[in-house]
Amino acid sequence: MSGGKKTTTRISTSWYAEVDIMKGLTGKINANYQDYSHITDTYSKHTEGYSFRKDKVIVSTPTLDAATVNFAMDRRYEYTLTGTLNYMNTFGDHDINVLAGYEQYYYNTRTDNAQKKGLMDFSIHDMQSASEMVYINYHKDNDLSERDYGMLSYFGRINYAYKGRYLLEANVRRDGSSRFSPDNRWGTFPSFSLGWRISEESFMENTRSWLSNLKLRASWGKLGNVTSGYYDWQSVYSIINSSFGGNISNGLAVTKVGNPIIQWENINSTGIGLDASFLNNKLTLEVDFYNKVTEGILTNPTMPFTMGLATAPTQNTADLRNRGLEVTLGWNDRIKDFQYGANINFSYNQNKVTKYLGKFEAGWNDKGEYTSNIGKSATTQNNGIRTEGHMFDEYYMLQRYKGTGKYKDGSGNVDPLGGPRDGMIRTPEDLQWVKDMIAAGYSFQPKSTVGRGQLNYGEYIYADENGDKIFGNTHDRVFTGKSSMPKYTLGINLNAAWKGFDMSMTWAGSFGMYYYMYERGINATNVTDGEQIASNFKQYYYYNENNPNDPLNNINAKYPSLKYGTGSLGNQAVNTTNLYNGSYLKLKTLQIGYSLPNSLVAKMRMQKLRVFLAGENLLTITDFPGMDPEIGASVNKYPLNKQLSAGVNITF
């Protein structure tokens, strides 16, 4: 057992000052400081226990030589200082607002920990009293014990309006980050927007009975993004053991190669929008089209083996384009005592990697060999692939074979286009087709022969996409046009009130995203000792070839046959079968309340008394077979909790 204590201290303070310098000119200063520290001070504790089996007192703690004392401290502090000058004035038909500002931010974190063993006595817990150092500043994640980050910014904004119809806004920022070298630390990021309130024009006079507002907007801007590590512009060294002269010596080795020329990621965004409201603002509409290109995305390319085990330098290598549409539609109205409203937000987004490591190329060369540059032009991440001309982390994988269901051609030879319609070997005829194909010079992967533990009943066959007569090799992988990023999102807010009763609900949905899922208990086919078989085991293929009439035969099952062990199984190959549509619509919140009449509440010397019943994550509409599509594919996560609560709001 161990004893000791853990102490956590948090400090957060904010200061604010504002002064009117002259008419229309205001100065503001904001300062915030936060400090966090967590200290862990533990030690081995002498504890005796009684063994009923041995009928004697036993010592359940280590001896003094093995007893340890531990000390760890994690400290973080940060501060933000912001100062602005703001000038506002009106000159006839001209409105002007000018803002100039300065901001600095600093963050520091440090972690220290140590362990010693060999105590003088179990009652003495001081680190200095222990005899042998076990470690000091040991970090299992190889993180740095101390790191910091600073940023300095200058910014300005001008807003101008003429007669309330023609609007102009211009912004500029000058940001400097410590995460880049002194030569590339600063970036300048301007933006502009224009607005035209068409409804205020004289030629729109006849529309004002039904058109409350009509405004056209256009914008362009550049923003800076910092995604690099704290010191990626410098090489990072770590202490290692090396052999020198037959003795083990401490040395330094590069673990991350620095790159002093990395720069800010630049986000260039262009947008066109329309705002409209009708029927005395009962009906509102917002429509936005946007095109956003992120240039110089920081990545870590593959490092050649000649560089050893060092991590490749961070580089500005990629560009990503996002295009889309956002629409917001709202309605708010009142009919006598009944008040109600609805707000619907819909968005569509399409992304594409426009620059990375080069374009993907594949095909037959002059030697009759099928080759591709996939290893040089792309990187893989979570069964997705990043390469030019395709969506970010698009799934790139094998597909199930789809045969015609025939086995012989008109000449009595094996039909290369025949075989199982859904790519699973289900019947003796399917298996015989595989044998005949191998005899005719075709081959299959990842399992290449027919037999127990190889190609057999309940196994998948993968499509030969490139026509090299090898079914399911690495060149047969295809771009699926699918990724884990949603193409569409939807949000719905509804509210209503009537004579003290009120109701509100929020729906949220994401559509068009796919998750790759191969999980035990859901669709995985491998089983091992000590593990239970999932309740859906009847959905797995089974065929007793020695007894075709076995009542347990299940040749039309949804999933392949179960296999013992965790080795290389053909059905485990990454393929589109295990891609599932993760689209969902979820009732996020629902609240129903009742406010007592004011006349009754006043007698209780209150201003308002409301009782309510609320729920969160009450309903999910989806075909996704996993735990919760909102949290991803894994079943090893806690789903979002359904919550019910009741309460009373009292205002005096």
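Residues numbered from 1 in each chain as written. Predicted model: local features only at pLDDT ≥ 70, side-chain atom pairs only at ≥ 80, totals over all residues. Heavy atoms only, no water.

A. Looking closely at the environment of N268. The residue N268 is located in strand 14 (residues 265–278) in this model. On the basis of relative accessible area, N268 is assigned to the buried category, the value being 15%. Once the C-alpha coordinates of N268 and E295 are considered, the two residues, 27 residues apart in sequence, prove to be 7.8 Å apart. Aside from chain neighbours lying at most four places away, what touches N268 is W220, G221, K222, N291, K292, V293 and E295. Polar side-chain contacts of N268 include one of 3.1 Å to the side chain of E295. (Helix = DSSP H or I, 4+ residues; strand = E, 2+ residues; numbered from the N terminus. Buried < 20%, exposed > 50% of the residue type's maximum accessible area, 1.4 Å probe, protein only. Contact = heavy atoms within 4.5 Å. Polar contact = N/O pair within 3.5 Å; in protein donor to acceptor, adjacent residues only side chain to side chain.)

B. Representation of the sheet that holds strand 20 (residues 379–381) in the model. On the basis of which strands lie adjacent, the open sheet formed by 4 strands has the order 20-21-22-25 and antiparallel pairing. A single partner strand is all that each edge strand has here, and the edge strands are strand 20 and strand 25 (478–479). Pairing of strand 22 (residues 394–397) with strand 25 involves 2 bridges; the strand directions are antiparallel. Bridging from a neighbouring strand, Y396 pairs with F479 of strand 25. (Pairing = 2+ DSSP bridges.)

C. Seen up close, the packing of aromatic side chains. Considering all chains together, one arrives at 30 aromatic pairs under this definition. Geometrically, the ring pair formed by Y79 and Y106 is tilted, given 6.0 Å between the ring centres and 35 degrees between the ring planes. Of the two residues, Y79 is situated in strand 5 (residues 68–91) and Y106 in strand 6 (residues 94–117); the sequence distance between them amounts to 27 residues. For Y79, a relative accessible area of 31% translates into the label partly exposed. (Phe/Tyr/Trp six-rings, centres within 6.5 Å; stacked < 30°, edge-to-face > 60°.)

D. Focus on the pattern of salt bridges. What the rule picks out here adds up to 21 salt bridges. R110 is the partner of D112 in a salt bridge, and the nearest nitrogen-oxygen pair spans 2.8 Å. Taking the shortest distance from any N to any O, the salt bridge between R400 and D422 comes out at 3.8 Å. Note that R400 is positioned in the loop between strand 22 and helix 2 (428–439) and D422 in the loop between strand 22 and helix 2, a separation of 22 residues in sequence. Under the relative-accessibility criterion, D422 is labelled partly exposed at 28%. Three or more residues joined by partner-sharing salt bridges are found here, namely K586, K588, D628 and E630. (Salt bridge = Lys/Arg side-chain N within 4 Å of Asp/Glu carboxyl O.)

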